[in-house]
Every structure is written in structure tokens, then in C-alpha cells.
Amino acid sequence: MALQNFEFCNPTRIVFGKETIQKLNDLIPATAKVLIIIGGGSVRKNGTLSEVETALGKRQFAVFEGIEPNPTFETSMKAVEKIRKENFDFLLGVGGGSVMDATKFITGAVHYKGDTWEIVTHGGKNITQVLPFGFVPTLPATGSEMNCGGVISRRATNDKLPIMNSLLYPLFSVIDPTKTYSLPEKQVANGIADAFVHVMEQYLTYPINAAVQDRFSEGLLLTLIEEGHKTLKNPTDYESRANFIWAATMALNGLIGAGVPQDWATHMIGHELTILYGIDHGRTLSILLPSLMNEMRKDKHGKLVQYGRRVWGLQGNDEEKIIDEAIDKTRAFFESLGIKTYLKEYDVDSSAVEKVVEQLRRHHLTALGEKGNITLEVSRRIVEASL
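Residues numbered from 1 in each chain as written. Predicted model: local features only at pLDDT ≥ 70, side-chain atom pairs only at ≥ 80, totals over all residues. Heavy atoms only, no water.

(A) How the structure looks around the UniProt feature "domain: Fe-containing alcohol dehydrogenase-like C-terminal" (unreviewed entry) in the protein. Listed under "domain: Fe-containing alcohol dehydrogenase-like C-terminal" (unreviewed entry) in the UniProt record, and renumbered for this structure, are residues 190–359. Annotated as residues 190–359, this span is 68% helix and 0% strand, and its ends, taken at the C-alpha atoms, are 24 Å apart. (UniProt positions renumbered as here; feature names shortened; annotations may be inferred. Helix = DSSP H or I, 4+ residues; strand = E, 2+ residues; numbered from the N terminus.)

Spelled out as C-alpha cells, the structure:
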């Protein structure tokens, strides 16, 4: 098998490094009326918002605060109404992945005619017009700063669904690693795990001799393993934090996924655990991935062996042993970040299995994975093995 046909275009401008927020003045039109979208207020406390406001200079702007972790449709629609009422024409998301995902939905919803929840139920495909927008990310994890996707939840119906549209690439992202120094250790660990699994979803499928994408992916995994521990141990070490942030961005900007099969079953099942039990996204991925790797070991045999040898340095001719050890090392890596990797450690019992399966059925997620062969029964076994 060979590299698949593909088209690759990522239009997002990255402005990376210390003291780069001031460059917003060059990136946003002087006549723009800007709505700054933030989360719970941490960007106020650490001074990032003040820097952003200073950089905007004489531009008209206001702040919309309150985007929650796992951003909701309900809160996002409040921002949409504010934009419509007050005629903002540029959006600036300042915060983590949730703020960035919400901003993508908001920009697509402003001019949408009809029931805006349809944007989510149609996966974002029906977005035809957006306001220009950019980001100042303060949490490395999701890659949302340089891709065209996001995930939106709805409390009323227990939904957590992805959206994607080429119109949802931000015009720019200003990435200053120093703005992430004040993050709690738990959030940094979640970010490392999230980025790691993003790479695995695009890498751990089946071999097609995609040499460039494979080596890029393995390099990112090794970087996350090496730099992840360093940045957890010393949050203000610029070198390790900068490497981590750039790895997280590269993990989901489309490059390593171009021309290769992709999985994403860990994410789809993980979304259901988050909406049902409120477990952090990065932690649901850490819980599920080892179980999925073992359940799908026959389908993923070739790449599991390659992963074990190239990423974890495993040797020998017993390929089944290499796979076992690779799975064990993956779980141990998540545990070394302080992440518990079994559902029972989050006070979730066996009743979760049928609840998750029913959610997957309701969302028509019945043929997951790179081959579409992760059926509801297979998903059931993956969740059972994660208890």
C-alpha cells in the first residue's frame, strides 16, 4: 500500500514566541470592532487579557466571559446574540481549547439562518459564512489554534459533538509559551495526554508506507514524552514549554494526517464519557486508548509493533510481546503524568458500559475506527476493559 492521494492547505498564520501579543496590532484591522471571548477569568488574573487589550489600541472592543470547559451551545449562543445585537465584526478567542472551539461555533452561527443547533448536528458542514477571527491560546493541548475543527456540548440533551469546516481555520494564532506558565499541573498533564492521543489517532492504524507522516508522528510522540515530563517538573522552563506547545499544535494541524488512514474512535467514545460523567477530556482518552489498542491489536498489529520499536525502543522478534509492552508503556506514560487510567478510579462503575453504548447508538457512532469495524459491541468491550 502507498500514501493516499490528498490535498493539504493550512492558512493559519502562527506568531510564536515571547512578547508576541503586541503583534495583534498588526494582525487585526484598525477599524475592527472586536469581541474578545474568554473562559472563567484566568486570563484576567495572569495579565494576558490586559496585554491583549493594550495591543488592541484604539479599536472598539468588549469582552464576553464565561465559556466553560467542554464549551456549551447554550453559553455560546449568548455570545452570538451579543454579536448580532452590537455588530461586532472580529472575534478574538483568548484562552484554552474550549474558548477556541466555542469561538469557531460562534463565528459560524452569527449569520446562520434557522436553528443554530443544526450546525452541530450537521458537523459544521452547513456553515457558509463566518466573521474573521483569531486566537491567543493559553493552554497547549487541542491544536484548535491551527485547525478547522471543534467540539460543542449541549447540556439539555447530553450531546458532545464535533464540528469541522474549512471556514473555521483562524486567520492567526499568537502563541506565547510564557502565557501558559500559570496553568495548574492537572491541566498541563491533560494537555500532554490530549496531544499524545491526537497523534496516535492519526498514526496507529495500519501501515501504508507513509514514511514522512510516520516519522513526523513518531517525532512528536517522542517530544511529548521527553518534554512533557520536563515541563510538568518545571513549568517556567521556557525551552520545554515551547517545545511542548509546538508539538501540541503540530499534532492536529492536518500535516501528519494528510494521506493516511485515521482512527478517532478513542475520541468519539471519550466524548460520551465526558458528557455523562464530567471526566476531563484528556483523562477519558488516557483511560480508553490502552484498552482500544489491546482490543484492536490484530487490525493494528503492524503499526503497534512499529510504535513499540520506534517510540519505546522495544527489541526482539516476539511481536506479541512487543505489543503487550507497548500498551503497558503507553498506560505507564499517562500514569507518570499523574493521570489515573481506569474508570473505577473516577468512581464510575460497570453501569457506564451500557450508558456509553446507548449514547454511541443515539449519535450513530456504530462503525468507528480506520476500517469502520469498531461496532457497538467492540466499543462495549473497550469500555468494559477500561473499568
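(B) Just the environment of Val-188, in detail. Inspection of the secondary structure puts Val-188 in helix H7 (residues 185–203). Separated by 49 residues in the primary sequence, Val-188 and Leu-139 have C-alpha atoms spaced 7.6 Å apart. Residues contacting Val-188, with those up to four places away along its chain left out, are Leu-183, Thr-231, Leu-232, Arg-241 and Phe-244. (Contact = heavy atoms within 4.5 Å.)

(C) Fine view of unusual backbone geometry. Positioned with a positive phi, Glu-19 is a non-glycine residue whose angle comes to about 55°. Along the chain, the position of Glu-19 falls in the loop between strand S1 (13–16) and helix H1 (24–27). Given a relative accessible area of 61%, Glu-19 falls into the exposed group. For Trp-264, which is not a glycine, the phi torsion comes out positive at approximately 75°. Tracing the sequence through the fold places Trp-264 in the loop between helix H9 (238–250) and helix H10 (265–277). (Buried < 20%, exposed > 50% of the residue type's maximum accessible area, 1.4 Å probe, protein only.)

(D) Structural context of the pairing of strand S7 (residues 159–164). Where strand S6 (residues 149–154) meets S7, 6 bridges bridge the pair, whose relative direction is antiparallel. Counted as the bridge partner of Ser-153 is Lys-160 from S7. Connecting the antiparallel pair S6 and S7 is a turn made up of 4 residues, with Asn-158 showing a positive phi of about 55°. (Pairing = 2+ DSSP bridges.)

(E) Summary view of the environment of Asn-158. Examined against the element boundaries, Asn-158 turns out to sit in the loop between S6 and S7. Sequence separation of Asn-158 and Leu-276 is 118 residues, and the distance between their C-alpha atoms is 7.1 Å.

(F) Broad picture of the domain arrangement of the protein. Split into domains, the protein comes out as domain 1 (13–179) and domain 2 (185–386). Inter-centroid distance (C-alpha atoms) of domain 1 to domain 2 is 27 Å. Facing the 24 residues of domain 1 at the interface are 23 residues of domain 2. When domain 1 packs against domain 2, close to 2000 Å² is buried across both sides, 66% of that on carbon and sulfur atoms. Among the residues of domain 1 in contact with domain 2, Pro-140, Asn-158 and Lys-160 are the three that bury the most area, contributing 27% of the side total. Linking Asp-159 and Arg-362 is a salt bridge whose minimum nitrogen-to-oxygen distance equals 3.1 Å. At the surface where domain 1 touches domain 2, the tally comes to 7 residue pairs in polar contact (both at pLDDT 80 or more). If one sorts the elements of the side of domain 1 that touches domain 2 by residue count, S7 sits on top with 4 residues. (Domains from an automatic or database assignment. Buried area = accessible area lost by both parts, 1.4 Å probe. Salt bridge = Lys/Arg side-chain N within 4 Å of Asp/Glu carboxyl O. Polar contact = N/O pair within 3.5 Å; in protein donor to acceptor, adjacent residues only side chain to side chain.)

(G) Just the packing of aromatic side chains, in detail. This model, assessed by the stated rule, comprises 10 aromatic pairs. Measuring from ring centre to ring centre gives 5.7 Å for Phe-73 and Phe-105, while their planes differ by 65°; the resulting arrangement is edge-to-face. Of this pair, Phe-73 sits in helix H4 (residues 73–86) while Phe-105 sits in helix H5 (residues 97–109); the two residues are 32 residues apart in sequence, bridging distant segments of the chain. Assessed through its relative accessible area of 8%, Phe-73 is described here as buried. According to the relative accessible area criterion, Phe-105 is buried, its value standing at 0%. Arranged with centres 5.9 Å apart and planes meeting at 45°, the rings of Phe-333 and Phe-334 form a pair that is tilted. Judged by relative accessible area, Phe-333 falls into the buried class, the value being 4%. An aromatic cluster is defined as three or more aromatic residues linked by ring pairs; in this entry it consists of Phe-196, Trp-312, Phe-333 and Phe-334. A cation sits over an aromatic face here: Lys-18 above Tyr-238, 4.5 Å from the ring centre. Above the face of the Phe-88 ring, Lys-33 is positioned so that its terminal group lies 5.0 Å from the ring centre. (Phe/Tyr/Trp six-rings, centres within 6.5 Å; stacked < 30°, edge-to-face > 60°. Lys NZ or Arg CZ within 6 Å of the ring centre and 35° of its normal.)

(H) Region of interest: H5. Here H5 contains 13 residues, and its C-alpha end-to-end distance of 18 Å stays within 8% of the 18 Å for a straight helix at 1.5 Å per residue. Of all 13 residues making up H5, 12 are buried, and the element is well covered by its neighbours. Burial in H5 covers these residues: Gly-97, Val-99, Met-100, Asp-101, Ala-102, Thr-103, Lys-104, Phe-105, Ile-106, Thr-107, Gly-108 and Ala-109. (Expected span 1.5 Å × (residues − 1).)

(I) Structural detail: the UniProt feature "domain: Alcohol dehydrogenase iron-type/glycerol dehydrogenase GldA" (unreviewed entry) in the protein. The positions that UniProt labels "domain: Alcohol dehydrogenase iron-type/glycerol dehydrogenase GldA" (unreviewed entry) are, in the present scheme, residues 11–177. Secondary structure content for residues 11–177 is 29% helix and 26% strand, while the C-alpha to C-alpha distance between its ends is 22 Å.

(J) Structural view of the packing of H10 against helix H11 (residues 281–295). Following both chains from N to C, one finds H10 and H11 inclined at 130°, their axes separated by 9 Å at the closest point. Classified by the interaxial angle, the pair formed by H10 and H11 is oblique. For the pair H10 and H11, the sense of crossing is right-handed. In this structure, H10 contributes Ala-265, Thr-266, His-267, Ile-269, Gly-270, His-271, Leu-273 and Thr-274 to the contact, and H11 contributes His-281, Thr-284, Leu-285, Leu-288, Leu-289 and Leu-292. (Axes fitted to C-alpha atoms, helices over the stretch in contact; angles between N-to-C directions. Parallel < 35°, antiparallel > 145°, perpendicular 65-115°, else oblique. Left-handed = near helix turned anticlockwise from the far one by under 90°.)

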